[in-house]
Amino acid sequence: MIPRIFSHSRRERDGLFSLSRRDSEAVKGARGANAAVAECEGCGSTAGAVSCQSIFDELLARDFSDAAYFRVHRLLVDTYSLQHPDRYCASAKSLAAHLTGLCALLERGGDRAVGVAALRTWLDGRPRIQRPATPRFRGRLTVADVRKARAPEAYAAAVERWAQSTWKAYSSLHRLARGWVAEALDRRIPIRSR
Ligand SMILES: [Zn+2]
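Rules of the game
Residues numbered from 1 in each chain as written. Predicted model: local features only at pLDDT ≥ 70, side-chain atom pairs only at ≥ 80, totals over all residues. Helix = DSSP H or I, 4+ residues; strand = E, 2+ residues; numbered from the N terminus. Buried ≥ 20, exposed ≤ 12 C-beta atoms within 10 Å, placed from the backbone. Contact = placed C-beta atoms within 7 Å. Arc of directions from axis to C-beta. Expected span 1.5 Å × (residues − 1). Axes fitted to C-alpha atoms, helices over the stretch in contact; angles between N-to-C directions. Parallel < 35°, antiparallel > 145°, perpendicular 65-115°, else oblique. Nonpolar A, V, L, I, M, F, W, Y, C, P; charged D, E, K, R; others polar. Core = buried A, V, L, I, M, F, W, Y, C linked by C-beta atoms within 7 Å. pLDDT = per-residue confidence, 0-100.

Chemist: Residues and numbers for the overall build of the chain, please.
Modeler: Counting its regular elements, the chain contains 11 helices and zero strands. Among the 194 residues that make up the chain, the fraction classed as buried is 34%. Residue pairs at least 24 apart in sequence account for 70% of intrachain contacts in the chain once pairs closer than 6 positions are excluded.

Chemist: Describe helix α8 (residues 117-124), and please don't skip the residues or the numbers.
Modeler: Buried residues of α8: L119, W122 and L123, and no others. In an axial view of α8, the angular spread of the buried residues amounts to 95 degrees, which keeps them on one side of the axis. Residues of α8 that are exposed and angled more than 90 degrees away from the buried face: T121 and D124. Where α8 is buried, its residues meet α7 (92-107) and α11 (174-186). One or two positions beyond α8, positive phi appears at R126, with a value near 55 degrees.

Chemist: Describe α11, and please don't skip the residues or the numbers.
Modeler: The α-helix winds at 3.6 residues per turn, so residues separated by three or four positions along the chain end up facing the same way. The end-to-end C-alpha distance of α11 is 17 Å, a good match for the 18 Å that 13 residues give at a rise of 1.5 Å each. Listed in full, the buried residues belonging to α11 are A177, W180, V181, E183 and A184. Around the axis of α11, the buried residues are gathered within 155 degrees of arc, so they sit on the same side. Facing away from the buried side of α11 by over 90 degrees, the exposed positions are R175 and D186. Looking at the buried positions of α11, the neighbouring elements they touch are α7 and α8.

Chemist: Can you explain the packing of α8 against α11? Please cite residues and give values.
Modeler: Contact geometry of α8 with α11 gives a least axis separation of 8 Å together with a crossing angle of 100 degrees. Classed by the angle they form, the pair α8 and α11 counts as roughly perpendicular. Contact with α8, carried on its side by A118, L119 and W122, involves E183, A184 and L185 of α11 and no other residues of that element. Tallied by class, the residues present in the contact of α8 with α11 amount to five nonpolar, no polar and one charged.

Chemist: An account of the nonpolar core is needed here, citing residue identities and associated values.
Modeler: Counting 41 residues, the largest nonpolar core has L76, L99, L102 and V159 as its most contacted members. Secondary structure elements with two or more residues in this core: α3 (49-65), α4 (67-70), α5 (73-83), α7, α8, α9 (143-147), α10 (152-169) and α11. Ranked by residues supplied to this core, first place goes to α7 with eight residues. For V159, the residues in contact, after removing those within four places along its chain, are V72, L75, L76 and V146.

Chemist: So what's going on with the environment of V146? Residues and values would help.
Modeler: With respect to the helices and strands, V146 occurs in helix α9. Accessibility expressed as a C-beta count within 10 Å gives 25 for V146, which makes it buried. Separated by 16 residues in sequence, V146 and W162 place their C-alpha atoms 7.3 Å apart. Non-local contacts of V146, meaning those with residues more than four positions away in its chain, are made with A158, V159 and W162.

Chemist: Let's hear about the environment of T79: which residues, and what values?
Modeler: With respect to the helices and strands, the residue T79 is situated in helix α5. A residue is classified by how many C-beta atoms lie within 10 Å of it, and T79, with 31 of them, is buried. Sequence-wise, T79 and H98 are 19 residues apart; in three dimensions their C-alpha atoms are separated by 7.5 Å.

Chemist: Before we move on, could you go through the confidence of the model for the chain and cite the residues and values that matter?
Modeler: Considering every residue of the chain, the mean pLDDT works out to 83; 75% of them sit at 70 or more. Counting contacts from residues 1-35, a segment whose pLDDT is below 50, to residues more than four positions away or on other chains yields 25 contacts.

Listed below in structure tokens is the structure:
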């Protein structure tokens, strides 16, 4: 059975990966028609935003075709999403999903392949949450670093390092994330009735 993955709204999937007009004009003006691709607005990778997305898509496809790689699937999804929040964490709910997801995996020993079901139950209960601002610096490692690791063991270790690095960059939201995870896992606050 393919585990349920948090789905993104259409707005979040839409093209926030393209360069802003101002950036495009600046690149053209400074470097001419053969301009190098600007760094990704999400993670800062100099491989470029389009490359980030294509690497992510490639890794996702491999997850679903090879169980050896699927072992860190949820860790990949949450980490990539937090590094590209304009696209994948636009709403309070989607940010909470990935933020609590990464927190539960790294600090609560959650299943790195499929995540933590109690978090999804909590989110489906429409908790009263507001979207905080995301940090501008989102970690030194990017999906481009992860792609270099080819064998499953090396790949899992690379995803773990990338996830830890990204989580550290989100330190301003650790307290909030831990509070949400506690709500979800410990059920100290009742879920609002629908
Ligand atoms: Zn990126």
